[in-house]
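# Survey of secondary and tertiary structure
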Amino acid sequence: MIASATFLAILVTLALILSIVTPVLLFTFFIRDLKQGTLW
Amino acid sequence: MKAENTAILDPVTGWLILALFSALWIFLGWLWGRRAKQLDEFMLAGRNVGLSLAVATAMATWVTSNTTMAAPQLALQLGIWGMVGYSLGAIGLFMFAPLAKRIRELMPHGYTSGDFIRLRFGKTTWRIFLMISLFYAFGWLISLGMAGGVLINALTGIPYTYGMSVILFICVLYTLLGGLRAVIGTDFVQTIIIVCGVIILAYLAIDKVGFEAIHAGVQKERPELLNLLMPAAIMFLFNNLLFGVGEIFHSNVWWSRAFAFRSGVGFKAYTIAGVMWLPIPIVAGFIALAAPALGLNVPAADMVGPLVAAKLLGFTGAVLIFIVVFSALASSLDSLLAATGDLITQDIYRQHLRPHADEKELRKAAMVIISLLGVVTWLLCLPRLTTLAELLYFTGAFVASTIWPIVAGLYWQRANRKGAALAMLLGTCVGLYTYFAIGFYVAALVGAAVSMLIVVISTLIWPQSFDWQTLRNEDPL
Amino acid sequence: MDERPRTRNSLKTCQKNILFLSLLLPSYLWASVPVLNGPHETVNAGYFQLNWEGEGERFELQEQGGETQAGTRTLYTGPDTASAISGRADGSYRFRVRQINAQGQALSPWSQALTVDVVHHSLAKAFGFFLLGFLVFISTVAIVLAGTRHVSR
């Protein structure tokens, strides 16, 4: 059972999209914490 | 042996980047930690960390050199399942989410994972646990220190000993300055750097080489990497998952965060961190598969990530991966120093040596212990032993055998001390045996299976009745 | 199919040539033959590292046709003294290395050939461990979930 190029492309593209969300979300949380004074 | 004869950056650039980022971490450590006078502030960041920093610290700590360097390594060795299996390490974060909530509720005044085992299972089990925990901590510390030295050497030609010494020294220094606050604060910055760097590299690999060429290259030179039925990789999947669960469930790195996060934050933070961490090993590991298409010789499997990055981007790529891996190393090294320092301060110094020590003395002891940890790690890193992943995977059997004692201890009233101790001991022994008899990719799995069996059976034949209040009432100071 | 004997023949002539040339060219007498090292035991996961020791700045690593593959091909030329091989299917692989100069000309005879046998674990064994891991994982998830539900009740 050999993984095709398409399989590889889908797997990596999905992962890439998911990881692009990370910094965006982190900053959103950060600003919310900062505004509410709940940073630490 | 020096397998790699071509450094990508010159030493001057290397020293410059090192100096720049070291200065940044130290400044931030000082900035955020200068108010940490009390012990709770220093060890647990005031037990009031909010969601954004909590998510970032859980994620950054879990993204270590293991992810940025070993994910490509495993993709190169075990192929598609290697990198997917690596990303299953995220399951450990998910599964710890409910535990973090439970831990904070059961032990509002707790300090370490050792506290829990001592109160729940008694002193003998606690001492076995401490040995496992410290062995793992040192394994991880050494692998991080060594990774630092190897990476700096390969990328810049700065001798291994210098690079390793610098990275250890910097992390010890800013952890001393700011305690857990410095660690958590820098983790936020480091997470952003790591994620952005990895995304850029993967994008470039796709853009410059392309999936078709990467796939064709692998199929020609390393065909089994694309085989979804590669036996060793199939064994590796759950082994890696259980290894990750064992690491997170037992290690004080994660427990101290469960104590440090504000009430109600733990569950959410660990869940979100898990989701965010999941794609990172695939994105980071994938670039290793570009090696054949790029016609790259990989002298040692653990260097494939940096080599591909440098080949793709030349000078800029080498600088980028240097910064990413330096951040990843620092974010884990500082956490590990702080959490292991706490464990030794609380469970060995206070509980074994100085039971009547006051807060001031403990605060001072914590600082001395963190410095000593740095020195010991440095001494152990001086001779460059086995390859990085091997060193870390050796601890798989140890940590995986703690999963069931901890979970049962947290949820089952009838789980007992004898069973927990036996589970850890036998799980470790049998796991280690398979490490040598079969391979690194089964040790954690077997350790966890054996320990599960023992915990279940021992709970049935020697049921103990435990009063949860014992955990709650304990006020460590 | 008739590739193999021809390869072997040309190899022989090649070795003869080297032997002959080494009598003429002093550089062949000075250059030491690199020593190629690799795994001593059968490889079960398809990956292994080859490394070599020898004087000189550049090396050439070759794979000689094994059971699965005919012909000889160069895997690497350059200054590194090791190569991580991976993703190999079951089979017997032969490697050799020699010292070369910047123009790619040989400076030393070939090293002694190294044979690496790759025999992957059986799929039955692999799925056995897979199943065991799955069971342990599912049980762990189950008691965490059950425990969490019990506590919140």
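Residues numbered from 1 in each chain as written. Chains lettered and ligands numbered in written order. Predicted model: local features only at pLDDT ≥ 70, side-chain atom pairs only at ≥ 80, totals over all residues. Heavy atoms only, no water.

Of the residues lining the interface, 51 residues belong to chain B; the matching set on chain C comes to 41 residues. Taken together, the two surfaces of chain B and chain C that pack against each other cover about 3800 Å², and 71% of this comes from carbon and sulfur. For the chain B face of the interface with chain C, the top three residues by lost area are B:F238, B:N297 and B:Y411, together amounting to 15%. Our enumeration of links across chain B and chain C arrives at one salt bridge. Notably, a salt bridge pairs B:E221 with C:R73, separated by 3.4 Å at the nearest N-O pair. Counting across the chain B and chain C interface gives 13 residue pairs in polar contact (both at pLDDT 80 or more). Elements that contribute at least two residues to the side of chain B that touches chain C include exactly α4 (65-87), α5 (90-106), α8 (211-221), α9 (231-250), α18 (403-411) and α20 (443-461) of chain B. Top contributing element to the side of chain B that touches chain C by residue count: α9(B), with nine residues. Across the side of chain B that touches chain C, the residue classes break down as 40 nonpolar, four polar and seven charged. (Contact = heavy atoms within 4.5 Å. Buried area = accessible area lost by both parts, 1.4 Å probe. Salt bridge = Lys/Arg side-chain N within 4 Å of Asp/Glu carboxyl O. Polar contact = N/O pair within 3.5 Å; in protein donor to acceptor, adjacent residues only side chain to side chain. Helix = DSSP H or I, 4+ residues; strand = E, 2+ residues; numbered from the N terminus. Nonpolar A, V, L, I, M, F, W, Y, C, P; charged D, E, K, R; others polar.)

Taken together, the contact between chain B and chain A spans 45 residues of the former and 28 residues of the latter. Of all residues in chain B, B:S52, B:F211 and B:M276 bury the most surface against chain A, accounting for 17% of the area lost on that side. At the boundary of chain B with chain A, the tally comes to zero salt bridges. Linking chain B with chain A are seven residue pairs in polar contact (both at pLDDT 80 or more), by the criterion used here. Listing elements by their share of the side of chain B that touches chain A, those giving two or more residues are α3 (51-62), α4, α7 (160-208), α8, α11 (266-277) and α12 (280-286) of chain B. No other element matches the eleven residues that α7(B) contributes to the side of chain B that touches chain A. Per-class residue counts for the side of chain B that touches chain A are 33 nonpolar, eight polar and four charged.

Time to look at helix α1 (residues 11-33) of chain B. Residues and elements named next belong to chain B. Between its first and last C-alpha atoms α1 spans 32 Å; for 23 residues at 1.5 Å apiece the expected length is 33 Å, and the two agree. By the burial criterion, the buried members of α1 are T13, G14, I17, L18, F21, S22, W25, L28, G29 and G33. Packing partners of the buried residues in α1 comprise α6 (113-156), α7 and α14 (304-353). (Expected span 1.5 Å × (residues − 1). Buried < 20%, exposed > 50% of the residue type's maximum accessible area, 1.4 Å probe, protein only.)

Where charged atoms from two side chains of opposite charge come close, those side chains can pair. Across all of its chains, the model carries eleven salt bridges over all chains by this definition. For the salt bridge of B:R181 with B:E41, the shortest nitrogen-to-oxygen distance reads 3.0 Å. Of this pair, B:R181 sits in helix α7 while B:E41 sits in helix α2 (residues 39-44), and the two are 140 residues apart along the sequence. Accessibility classification places B:R181 together with B:E41 in one group, the buried group. Across the salt bridge formed by B:D115 and B:R118, the nearest N and O atoms sit 3.0 Å from each other. One end of the pair, B:D115, and the other, B:R118, are both in helix α6, three residues apart, so they sit about a helical turn from each other. The same class applies to B:D115 as to B:R118, namely buried. Taken together, the salt bridges that share partners define one network made up of B:K220, B:E221, C:E63, C:R73 and C:R88.

This part takes up the sheet that holds strand β3 (residues 58-64) of chain C. Residue and element names in this part refer to chain C. Here four strands make up an open sheet; going across it, the order is β4-β3-β6-β7 and the pairing antiparallel. Only two strands of the sheet have a single neighbouring strand rather than two, namely β4 (73-78) and β7 (114-118). On average, adjacent strands in this sheet sit at an angle of 25° to one another, irrespective of strand direction. Relative to β7, strand β6 (residues 91-100) runs antiparallel, the two being bridged by five bridges. Along β7, the bridge assignment pairs G91 with V118. (Pairing = 2+ DSSP bridges. Axes fitted to C-alpha atoms, helices over the stretch in contact; angles between N-to-C directions.)

The next subject is α18(B). Burial analysis of α18(B) places nine of its nine residues in the buried class, which makes it a mostly covered element. Within α18(B), burial applies to B:I403, B:W404, B:P405, B:I406, B:V407, B:A408, B:G409, B:L410 and B:Y411.

Quick look at the side chain of B:E224 now. By the secondary structure assignment, B:E224 is in the loop between α8 and α9. Here B:E224 occupies a buried position and makes no salt bridge, while the nearest side chain of opposite charge, C:R88, is found at 9.8 Å. Not counting the four nearest positions on each side in its chain, B:E224 is found in contact with B:M230, C:G87, C:R88, C:A89 and C:H120. (Lys, Arg positive; Asp, Glu negative; His and termini not counted.)

All names here are of chain C. Averaged over all residues, the pLDDT of chain C is 82; the fraction at 70 or higher stands at 76%. Predicted confidence is poor over residues 1-9, with pLDDT under 50, and the contacts of this stretch with residues over four places away or in other chains come to six contacts. Taken over the whole predicted complex, pTM reads 0.87, whereas the ipTM for its chain interfaces reads 0.94. (pLDDT = per-residue confidence, 0-100.)

Right, let's get into the arrangement of the chains. Here two pairs of chains make contact, and the pair sharing the most contacts is chains B and C. Note that chain A does not reach chain C: the shortest distance linking a C-alpha of one to a C-alpha of the other is 12 Å.

Residues and elements named next belong to chain C. With antiparallel pairing, the three strands of this open sheet are ordered in space as β1-β2-β5. The outermost strands of the open sheet, each flanked by one partner alone, are β1 (35-37) and β5 (82-85). When strand polarity is set aside, the average angle formed by the axes of neighbouring strands in this sheet is 15°. Note: β1 against strand β2 (residues 48-53), three bridges, orientation antiparallel. Across the sheet, residue L36 finds its bridge partner in β2, namely W52.

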